[in-house]
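Residues per chain, in single letters:
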Amino acid sequence: MTDINKKFPKDFIWGAATASYQIEGAYNEDGRGESIWDRFSHTPGKTLDGDTGDVACNHYHLWRDDIKLMKGLGLQAYRFSIAWPRILPSGTGSINEAGIDFYSKLVDELLEVGIKPYATLYHWDLPQALQDKGGWPARMVVDAFVEYTDVITRALGDRIKDWITLNEPWVSAFVGYQDGRHAPGHTSQDEAILASHHLLLSHGRSVPVIRNNVKDANVGITLNLTPKVPASPSIADKKAAIWEDGYVNRWFLDPISSRGYPEDMVKSYNKDMSFVQQGDMDEIEVPIDFLGVNYYTRNIARSQVVPEKENLPQTVFREGEITEMDWEVYPQSLYDLLGRLRFEYNFPSIYITENGAAFPDEVNGDGEVHDPSRVSYIQTHLESVNKAIQIGVPVHGYFVWSLLDNFEWGFGYSKRFGIVHVDYKTQKRTLKSSAKWYQNKIQENV
Ligand code: FCB
């Protein structure tokens, strides 16, 4: 029996996560180049209310205060992402020293106060100049990514040991190039599949570069993983769940685990796969030190092939609380997922690199933000993580998404994920109850 009250291992890392475009602002300062998210958010009709990341949480200027906040919360680690267009404004070629300087100072200060930096190289802000050359569907982007990786790991690798190559390549590829809901807003399945391959290849090829530039590097990739549950015991719904699992999860998990692209999905897409060149798969399956897991919810899969009326009646329904994102709160699936990653895929080490929830938080008359739903979300998901550790899953850390309320992509500022509330007019930060709860939780366990 697992014990949900059991403390976490002493060396478990407690952190919080953010991403450059979502918090930094200063979109055109100190030589930063344009990113696909600048272009997309500045295009009318693309984001809710036309919101952009131009200012966001103004973290580019308020980072010292934000580090103080983190220190106050007792965070041991901070996962942030580096904006590629700050480092190489045109994607390749000339280096913007001011951009490197920003992250360099940030890292120095984090280390100074005893917070370990975990850097993500790519959290969706591709330099627009590279999109103009074809973006992720074009193979040239792989060399560009390797060049960027080399530049930034040479500059910061003496101080940052923990590196995440990509954040959620499924979202970059399929939401950006197929569904059109994210930058660059294209709607082509062909492009999305090409993009997914070039993302994976960029990951694989940059891992040795990081190891070469960073002594004692700890390198991984972060995937968004969503367990898919059949809506009924019908064969059709089971098939739907297997397909969706292939689409979102296995398409990325399998290649990095030396299994190649899942055959059922290759068959289903029915594309000319000649873009996979000789040696690509070997590069993609380079061993990693850890897998980063972003987990938010599960999905119930209902067949669209068999019409509803001819399918078996649905027997599985959402039962957990529903968040502002319309996502079901379902911590049990995180436990199941972690078990799968250990016993089916055998990853050597796992970090929860994102987990959290959006709720409509408000500052009350006393200047406080009470967010009991978020407290409960984090608490129950941590219980799942703890249970997974007790059955032998090597989970080594947890990063709550997010430190701050921030720019939630196509939803603009309408979804608040932070454990710290941000008033976007004044940039005032207010700890929510969840931040205080988390602070306590960390204290209990370290
Ligand atoms: C993840 C993203 C992160 C944030 C959360 C809510 O898919 O990595 O930037 O938007 O969802």
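Residues numbered from 1 in each chain as written. Predicted model: local features only at pLDDT ≥ 70, side-chain atom pairs only at ≥ 80, totals over all residues. Heavy atoms only, no water.

Caption draft 1: View of the site of the ligand. Around the ligand sit Gln 22, His 123, Trp 124, Asn 167, Glu 168, Asn 294, Tyr 296, Glu 354, Trp 401, Glu 408, Trp 409 and Phe 417, and that is every residue in its neighbourhood. Separating an oxygen atom of the ligand from a side-chain N or O atom of Glu 408 is a distance of 2.7 Å. Contacts to the ligand include Trp 409, whose side-chain N or O atom sits 2.9 Å from an oxygen atom. Here the ligand has 300 Å² of accessible area as a free molecule, and 94% of this is covered by the chains. In terms of residue class, the shell around the ligand is built from five nonpolar, four polar and three charged. (Near = heavy atom within 4 Å. Polar contact = N/O pair within 3.5 Å; in protein donor to acceptor, adjacent residues only side chain to side chain. Areas by Shrake-Rupley, 256 points an atom, 1.4 Å probe, with all protein chains shown as cover. Nonpolar A, V, L, I, M, F, W, Y, C, P; charged D, E, K, R; others polar.)

Caption draft 2: Seen up close, the environment of Leu 126. Here Leu 126 shows up in the loop between strand S3 (116-122) and helix H6 (128-131). Once the C-alpha coordinates of Leu 126 and Trp 136 are considered, the two residues, ten residues apart in sequence, prove to be 8.8 Å apart. Among all residues touching Leu 126, those that are not within four sequence positions of it are Glu 34, Ser 35, Ile 36, Trp 84, Gln 131, Gly 135, Trp 136, Val 141 and Tyr 177. (Helix = DSSP H or I, 4+ residues; strand = E, 2+ residues; numbered from the N terminus. Contact = heavy atoms within 4.5 Å.)

Caption draft 3: Here's a closer look at helix H5 (residues 97-112). With 16 residues, H5 extends 22 Å between its outermost C-alpha atoms, agreeing within 8% with the 22 Å of an ideal straight helix rising 1.5 Å per residue. Residues of H5 that are buried include every one of Gly 99, Ile 100, Phe 102, Tyr 103, Ser 104, Leu 106, Val 107 and Leu 110, and no others. Among the structural elements, helix H1 (20-23), helix H3 (59-73), strand S2 (77-81), helix H4 (84-87), S3 and helix H7 (140-156) are those in contact with the buried residues of H5. (Expected span 1.5 Å × (residues − 1). Buried < 20%, exposed > 50% of the residue type's maximum accessible area, 1.4 Å probe, protein only.)

Caption draft 4: Here's a closer look at the pattern of salt bridges. Scanning the model with the defined rule gives 31 salt bridges in all. Residue Arg 32 pairs with Asp 38 through a salt bridge whose shortest N-O separation is 2.8 Å. For Arg 32, a relative accessible area of 9% gives the class buried. Between Arg 79 and Glu 354 there is a salt bridge whose closest N-O contact spans 3.0 Å. Here Arg 79, found in strand S2, pairs with Glu 354, found in strand S9 (residues 350-354); they are 275 residues apart in sequence, far enough to count as distant. The class for Glu 354 is buried, based on a relative accessible area of 4%. (Salt bridge = Lys/Arg side-chain N within 4 Å of Asp/Glu carboxyl O.)

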